Amino acid sequence: MEINDLTPAERRVWDAFPRGERVDFREDPDETGAAGENWGEERTVRAEVLTALVLSRPTANGQVAGLHVRGAKIMGKLDLNYAVVEHAIRLRACWFERKPNVYGAQLRSLTLNDSMLPGLSGATVRVDVALRLSCCRITGPVRLAGARIAGGLFIRKAVIGSPDGPDGPDTGEEAEEPALQVNHADIGTDIIATELTVHGQTRMNGTTVAGQVNLNDSRLLAPGGIALHAENLSVGTDVRGHRLQVQGMFNLTGSRIPGQLYLGRAAFSNPDGVALRASSCVVGEVWLSSCDTIQGVVSLRRSQFDMLHMPPETWPEQIRIDGLSYRTLAPHLPPEERLPALEREESGYLPYAYEQLSAAYRTVGDEAAARTVQLAKLRRHRRTLPTHARFWGLLQDATVGYGFRPLRAAGWLLALLLIGSIAYGIHPPRELKAGEAPEFNPVFYTIDLMLPIIGFGQEQAFAPAGWYQWLSYLLIVTGWVLATTTLAGVSRSLQRQ
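Read on for an overview of the structure. Because the structure is a prediction, the values reported are computed rather than measured.

What follows deals with the overall build of the chain. What the chain contains, in helices and strands, is 9 helices and 37 strands. Since a compact globule built from 497 residues should have a radius of gyration of about 23 Å, the 37 Å found for the chain marks it as more spread out than a globular shape. Overall size of the chain, expressed as C-alpha extent along the three principal axes, is 140 × 45 × 35 Å. Here the chain, with 497 residues, has 53% of them falling under the buried criterion. Taking contacts inside the chain between residues at least 6 apart in sequence as the whole, the part at least 24 apart equals 47%. When the accessible surface of the chain is summed, it comes to about 22600 Å², and 52% of that surface belongs to carbon and sulfur atoms. The positive charge centre, built from 50 side chains, and the negative charge centre, built from 53, are 4 Å apart in the chain.

Turning to its location among the elements, aspartate 15 is positioned in helix 1 (residues 8-16). Aspartate 15 sits in the partly exposed class, given a relative accessible area of 30%.

Another aspect to go through is the pattern of salt bridges. Taken as a whole and assessed by the stated rule, the structure comprises 17 salt bridges. A salt bridge links glutamate 21 to arginine 19; its shortest N-O distance comes to 3.0 Å. The salt bridge partner of aspartate 24 is arginine 26, with a shortest N-O separation of 2.9 Å. We classify aspartate 24 as partly exposed; its relative accessible area is 27%.

Residues Val443, Phe444, Ile453, Ile454 and Phe456 make up a contiguous nonpolar surface patch of about 470 Å² in total accessible area. Looking at the secondary structure, you find phenylalanine 456 in the loop between helix 8 (442-450) and strand 37 (462-463).

Looking now at helix 1. For helix 1, every residue scored as buried is listed here: Ala9, Glu10, Val13, Trp14 and Ala16. Next to the buried residues of helix 1 lie strand 1 (22-24), strand 2 (44-46), helix 2 (47-56) and strand 3 (66-70).

Our focus in this paragraph is the packing of helix 1 against helix 2. Packed helix pairs are characterised by how far apart their axes lie and by the angle those axes make with each other. Where helix 1 contacts helix 2, the two axes come as close as 11 Å, and the packing angle between them is 15°. Classed by the angle they form, the pair helix 1 and helix 2 counts as roughly parallel. For the pair helix 1 and helix 2, the sense of crossing is right-handed. In this structure, helix 1 uses Glu10, Val13 and Trp14 to contact helix 2, whose residues at the interface are Val49, Leu50, Ala52 and Leu53. Tallied by class, the residues present in the contact of helix 1 with helix 2 amount to 6 nonpolar, no polar and 1 charged.

This part is about the nonpolar core. Residues Leu67, Leu91, Phe250 and Phe268 are the most contacted members of the largest nonpolar core, which totals 113 residues. When sequence neighbours within four positions are dropped, the list of residues in contact with leucine 67 reads Val13, Phe17, Leu50, Leu53, Val54, Ala88, Ile89, Arg90 and Leu91. Leu416, Leu417, Tyr468 and Leu475 belong to the second largest nonpolar core, which has 16 residues in total.

With that out of the way, let us pick up empty space enclosed by the protein. Empty space among the atoms becomes apparent when a probe as large as a water molecule is rolled across them. Counting across every chain of the model gives 6 cavities of 30 Å³ or more. Considering only enclosed or pocket space, the largest cavity measures out at about 160 Å³ in volume. As for the largest cavity, its lining consists of 15 residues, and the residues nearest its centre are Trp315, Ile321, Tyr326, Leu329 and Leu342. Looking at the lining of the largest cavity, the elements that each hand over two or more residues are strand 35 (325-330), helix 3 (335-342) and helix 4 (351-363). It is helix 3 that provides the largest number of residues to the lining of the largest cavity, a total of 4 residues. Its residues assigned to classes, the lining of the largest cavity comprises 12 nonpolar, 1 polar and 2 charged. Considered as a void within the structure, the second largest cavity measures approximately 70 Å³ in volume.

Okay, the packing of aromatic side chains next. This model, assessed by the stated rule, comprises 10 aromatic pairs. The interplanar angle of 40° and the centroid separation of 6.2 Å between the aromatic rings of tyrosine 262 and tryptophan 287 together place this pair among those described as tilted. Pair noted here: tyrosine 262 is in strand 29 (residues 256-262) and tryptophan 287 is in strand 31 (residues 282-287), with a separation of 25 residues, a long-range link. Each ring, one from tyrosine 424 and one from tyrosine 445, has its centre 5.1 Å from the other, and the planes form 85°; the classification is edge-to-face.

The rules behind each value
- Residues numbered from 1 in each chain as written.
- Predicted model: local features only at pLDDT ≥ 70, side-chain atom pairs only at ≥ 80, totals over all residues.
- Heavy atoms only, no water.
- Helix = DSSP H or I, 4+ residues; strand = E, 2+ residues; numbered from the N terminus.
- Rg over C-alpha atoms; globule rule 2.2 N^0.38 Å.
- Buried < 20%, exposed > 50% of the residue type's maximum accessible area, 1.4 Å probe, protein only.
- Contact = heavy atoms within 4.5 Å.
- Areas by Shrake-Rupley, 256 points an atom, 1.4 Å probe, with all protein chains shown as cover.
- Lys, Arg positive; Asp, Glu negative; His and termini not counted.
- Charge placed at Lys NZ, Arg CZ, Asp CG, Glu CD.
- Salt bridge = Lys/Arg side-chain N within 4 Å of Asp/Glu carboxyl O.
- Patch = residues over 30% accessible without salt bridge, like charges linked within 9 Å, V, L, I, M, F, W, Y side chains within 5 Å.
- Axes fitted to C-alpha atoms, helices over the stretch in contact; angles between N-to-C directions.
- Parallel < 35°, antiparallel > 145°, perpendicular 65-115°, else oblique.
- Left-handed = near helix turned anticlockwise from the far one by under 90°.
- Nonpolar A, V, L, I, M, F, W, Y, C, P; charged D, E, K, R; others polar.
- Core = buried A, V, L, I, M, F, W, Y, C linked by side-chain atoms within 4.5 Å.
- 1 Å grid on protein atoms, 1.4 Å probe; cavity = no way out; pocket = protein on both sides within 12 Å on 5 of 7 lines; lining within 4 Å.
- Points joined across faces, edges and corners; volume = space filled by probe spheres on them.
- Phe/Tyr/Trp six-rings, centres within 6.5 Å; stacked < 30°, edge-to-face > 60°.

Shown next, in the form of structure tokens:
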């Protein structure tokens, strides 16, 4: 490029570059690039001038060169396709006529904060320091698939996409593209995306982040579609989404999060499909505290959590938790508040879900709650049996609570003992052999009838008649049933322990 072709605005940028000085065209220090389309020639810089600067402009001796411009109207296409740029590029609060292209480029640092862009093409870009897009308004797709950023990716308070689709010059294929594409990227520190708004899909599948992904107070809006596609995401610490708003599916299938997946006070809405999908994940702690009821299906199949913090009211009407394992469940609540959620399993009765909940109570030392869950499991299983096969279960439940309510059997025995003692005390049975029978005792006679393994010599010495004989039959049969069901329940409990 001939230096004589430069406009006064371009001359300022050209002269400042070798010394890394800032050129500020703004009229107000709070001005952004939102209104840049109406800026005049005094703030207009051609993109080809900037390209020539970073690729061929000599630097000043003893100075660190760099492109540092604020408040410029950049016309044309900033094309750094496959370029190797040794200088930092900082274009803050600028307005871009066309989307910058840094596909396959090797950059020291790229900062576009507060700018207005029709998109960004940066797939497979390499950045030595950081990529900053905070407070940008980007109407088209941001393509960062396969990017390698040694530092962090910062997109705080940015707005990406449009509720009606891209409104830039390219609308055909872009209308079908994810709005934010950071899939298969490698981020050396963090992705800081607090207060981010994305209209369309955010794609992060296969991405590796050495630090955290922070989505606090962000909005991911893809109604009826996939708001976040982050399958096999791997982070070094946490994924945070405090007060996150999601319309569409929030998909973390196969992700690895050793710290916290914190989604406190988040709102998920996908009424006609899956709202939260975190299947086959391995996560340290999952926090869904103080959330409204999730609108849509929750799928946590085959995931492993060290701690799951999820109040009962957060669960939606339909869940998928086959194979879900967690060591502890918070907040600690009575099982009566946790059990209704297990009834919402899409596939119906799921024995493993009850076993897992029981194990979680047992982990924190609440054996009574664990037994209640086991009893609920057997009752739920009974409902899956044919009508004729339910009788034995009903009998065990009514008598001893499947062995988890042993005092119930004692109550039945005491009641029958009282009835038999009174009945036979009022009307003693006759002796079988006169003069040879021991002294009659109505209490021990009733015990003799009810407990077949105990013998006091009363049953063989006396024979009731009439309805008292039928009472003796009832006591014998009931005693056998109580003894059998009690032994079966105790045996089942011992096997679990």
